[in-house]
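Examination of the molecular architecture
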Amino acid sequence: MDQHYDVVIVGGGHGGAQAAASLRQNNFTGTVAVISEEPDPPYERPPLSKEYLAREKPFERILIKPVTYWADRGIEMILGARVTTVDPTAHRVTTAAGAAIGYGTLIWATGGRPRRLSCPGYDLAGIHTVRNRADADGLMAELDGVTCAVVIGGGYIGLEAAAALVKAGKQVTVLEALPRVLARVAGEPLSRFYEAEHRAHGVDMRLGAVVAGIKGRDGRVCGVELADGQVIDCGMVIVGIGIIPAVEPLLAAGAVGSNGVDVDEYSRTSLPDIYAVGDCAAHGNPFADGAPIRLESVQNANDQALVAVRSIIGAPAPYHAVPWFWSNQYDLKLQTVGLSAGHDTALLRGDPAKRAFSIVYLKRGRVVAIDCVNKVADYVQGRALVAAGMAIPEELLVDDTRPLKLLVAEFAD
Amino acid sequence: MTLTVIDRNGTERTVTAEPGMSVMEILREQGFDDLQALCGGCCSCATCHVYVDGSAAVGLPPVGPDENDLLDSSAYRTDASRLSCQLRYTPALEGLTITIAPED
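Report follows, based on the coordinates. This is a predicted model, so every value here is computed, not measured.

Definitions and limits used
- Residues numbered from 1 in each chain as written.
- Chains lettered and ligands numbered in written order.
- Predicted model: local features only at pLDDT ≥ 70, side-chain atom pairs only at ≥ 80, totals over all residues.
- Heavy atoms only, no water.
- Helix = DSSP H or I, 4+ residues; strand = E, 2+ residues; numbered from the N terminus.
- Rg over C-alpha atoms; globule rule 2.2 N^0.38 Å.
- Buried < 20%, exposed > 50% of the residue type's maximum accessible area, 1.4 Å probe, protein only.
- Contact = heavy atoms within 4.5 Å.
- Areas by Shrake-Rupley, 256 points an atom, 1.4 Å probe, with all protein chains shown as cover.
- Lys, Arg positive; Asp, Glu negative; His and termini not counted.
- Charge placed at Lys NZ, Arg CZ, Asp CG, Glu CD.
- Pairing = 2+ DSSP bridges.
- Buried area = accessible area lost by both parts, 1.4 Å probe.
- Salt bridge = Lys/Arg side-chain N within 4 Å of Asp/Glu carboxyl O.
- Polar contact = N/O pair within 3.5 Å; in protein donor to acceptor, adjacent residues only side chain to side chain.
- Nonpolar A, V, L, I, M, F, W, Y, C, P; charged D, E, K, R; others polar.
- Phe/Tyr/Trp six-rings, centres within 6.5 Å; stacked < 30°, edge-to-face > 60°.
- Lys NZ or Arg CZ within 6 Å of the ring centre and 35° of its normal.
- Axes fitted to C-alpha atoms, helices over the stretch in contact; angles between N-to-C directions.

We now examine the overall build of chain A. Along the backbone of chain A there are 10 helices and 25 strands. Over its C-alpha atoms chain A spans a radius of gyration of 22 Å, differing by no more than 12% from the 22 Å that the globule rule assigns to 413 residues. Out of the 413 residues in chain A, the part that is buried amounts to 56%. Long-range pairs, those at least 24 residues apart, make up 59% of the contacts in chain A with a sequence separation of at least 6. With an accessible surface of roughly 16,400 Å², chain A has 51% of that area assigned to carbon and sulfur atoms. One finds the centroid of the 39 positive side-chain charges in chain A at a distance of 2 Å from the centroid of its 47 negative side-chain charges.

Now the structure itself:
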């Protein structure tokens, strides 16, 4: 065996970077390596569909740590290497290039790969996803020659990309197959608000729009054909239809999982000495009634990395972090605390027409999540409501003249 | 230009800094990793909390409304509290001393 590290982290995204940094912050003195298939050291992914795409921030400004940080802390960065097999018995991973790397403990933090189209024309030039730097750079390199772009998928990535392209002066069409945008992650009032905002910025927002195929000319995309036969001309397509967790080597090695790899509350997979964190880790989330979910967020990647590190350094603590998330589009700052999936009631707090409001989600009478648009106070103060799952009369929650912190004080037990 | 930083262990270090960046970016660039700065500087979290004595006296803009609300989330908020992502480092701030606030 040519190389061996006490801890090997596979994946150089938010989770992998946090795990490595956190080991050293906790005075872990063993050897540590991060294996990443990307050529760059860890950087922030959220700006790829926001400030980086809009050319407001160069790459250097989205690095998670300075370039010299990793070597300074004795963390080996093995870049441009993809782990293809895991041998849990020999405690060894192998890369696509054939390098064998031994580990004492493995942290799997590979995130996911963007789901791609499967319709005719899926492989034409000019079809982009936005997951890593290379994706964003490829998209940006073509942007000058494009006047019309079609975004397939009305989730956060698609909508953020649409906003960035509008800012760049492009004519943008958003195609969402479901009857509303953000259907998987937010309640209907929020969907309707964002649809209206994008339309007000000139976006052609099409709901219930099913893509039949991509039209090409000379190998390059020239339009998107819908199931009803309509064709939308465009010079570029951006696909934001979710990710597929990158866990094949782990599952092939015998780890339990289907949608991602299953982990317990300590981020442990079913294989000995192998942890998994971030987008790829299916875990029983206390804020989803313990249901197994994957959570695609910076918060989850960081906090699960901390959980894994605590176990490794012998100070285990179960995962119990309140989920939070943000999305910036145009001048709208959306902040979410909690998980709204499975809610039975969505209450509007404040007036969307004023472009500053919140939506409070309840499940069986208890607050499970709050989406806040340009309403930072609700986001900050509502956190305690979500953390404790407080039951508060609806008429008090919808009264936005009443700060949430007063409700917290009144109803805390 | 220089900036003096007191980290969570109380260790003081003076670093050189380029004007134009935010104080959060400078702290990150200088490897102060007790600062998480999870949202990358878009004023969406409060994980870049620092203390600056006499904010107004050294010519810093007042605390903005979003910054104010986010700072409310910290149990360690004081009159000196700021979110370092909201502080643009300018030549007027030469010699500024900041202290990284405890982690919530």
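Text resumes after the structure shown.
Moving on: the overall build of chain B. Regarding its fold elements, chain B presents two helices and five strands. Ordered by position from N to C terminus, the α and β elements of chain B give β-β-α-β-α-β-β. Relative to the globule expectation of 13 Å for 104 residues, the C-alpha radius of gyration of chain B, 12 Å, shows essentially globular dimensions. With the C-alpha coordinates aligned to their principal axes, the bounding extent of chain B is approximately 30 × 25 × 20 Å. For chain B, the share of sequence-separated contacts (at least 6 apart) that also reach a separation of at least 24 residues comes to 65%. Counting every atom, chain B has about 4,500 Å² of accessible surface; 48% of that belongs to carbon and sulfur. Charge centroids of chain B, computed over 6 positive and 16 negative side chains, lie 3 Å from each other.

Residue and element names in this part refer to chain B. You can see Cys48 is positioned in the loop between α1 (23–29) and β3 (49–52). Accessibility expressed as a relative area gives 3% for Cys48, which makes it buried. With 40 residues separating them along the chain, Cys48 and Arg88 place their C-alpha atoms 13 Å apart.

Residue and element names in this part refer to chain A. With six bridges joining them, strand β21 (residues 324–329) and strand β22 (residues 332–338) adopt antiparallel strand pairing. Looking at β22, one finds that Phe325 is bridged to Thr336. In sequence, β21 turns back onto β22 through a hairpin of two residues, with Tyr330 there showing a positive phi of about 50 degrees.

The subject of this paragraph is the interface of chain A and chain B. Listed by partner, the interface residues are 25 residues for chain A and 18 residues for chain B. Both sides together, the interface formed by chain A and chain B hides about 1,900 Å², and carbon and sulfur atoms give 47% of it. Run the count over chain A and chain B and you get three salt bridges. Two residues, Glu25 of chain B and Arg61 of chain A, come together in a salt bridge whose shortest N-O distance is 2.6 Å. The interface formed by chain A and chain B includes 12 residue pairs in polar contact (both at pLDDT 80 or more). Of the residues forming the side of chain A that touches chain B, the biggest block, four residues, is contributed by helix α8 (residues 376–388) of chain A. For the side of chain A that touches chain B, the class distribution of residues is 12 nonpolar, five polar and eight charged.

Residues and elements named next belong to chain A. Under the defined criterion, the tally for this structure stands at seven aromatic pairs over all chains. Between Tyr69 and Trp70, the ring centres sit 5.0 Å apart and the planes meet at 80 degrees, which makes this aromatic pair edge-to-face. Just as Tyr69 is buried, Trp70 falls in that class too. Taking the centre distance of 4.7 Å and the plane angle of 45 degrees together, the rings of Tyr156 and Phe325 count as tilted. Of this pair, Tyr156 sits in helix α4 (residues 156–167) while Phe325 is found in strand β21, placing the two residues 169 residues apart along the sequence. Relative accessible area serves as the criterion here: at 13%, Tyr156 is assigned to the buried category. Its relative accessible area of 23% is what places Phe325 among the partly exposed residues. Aromatic rings pair up to connect Tyr43, Tyr52 and Phe59 into one cluster. The ring centre of Tyr69 lies 4.9 Å from the NZ or CZ of Lys65, which sits over that ring.

Moving on: the sheet that holds strand β1 (residues 2–6) of chain B. All names here are of chain B. Read across the open sheet, the five strands follow the order β2-β1-β5-β3-β4; overall the sheet is mixed. Of all strands in the sheet, those with a lone pairing partner are β2 (12–16) and β4 (81–83), marking the two edges. Pairs of neighbouring strands in the sheet enclose a mean axial angle of 35 degrees, with direction left out of account. For β1 and strand β5 (residues 96–100), the ladder comprises four bridges, and the chain directions are parallel. Residue pairing across strands places Ile6 opposite Thr99, the latter belonging to β5.

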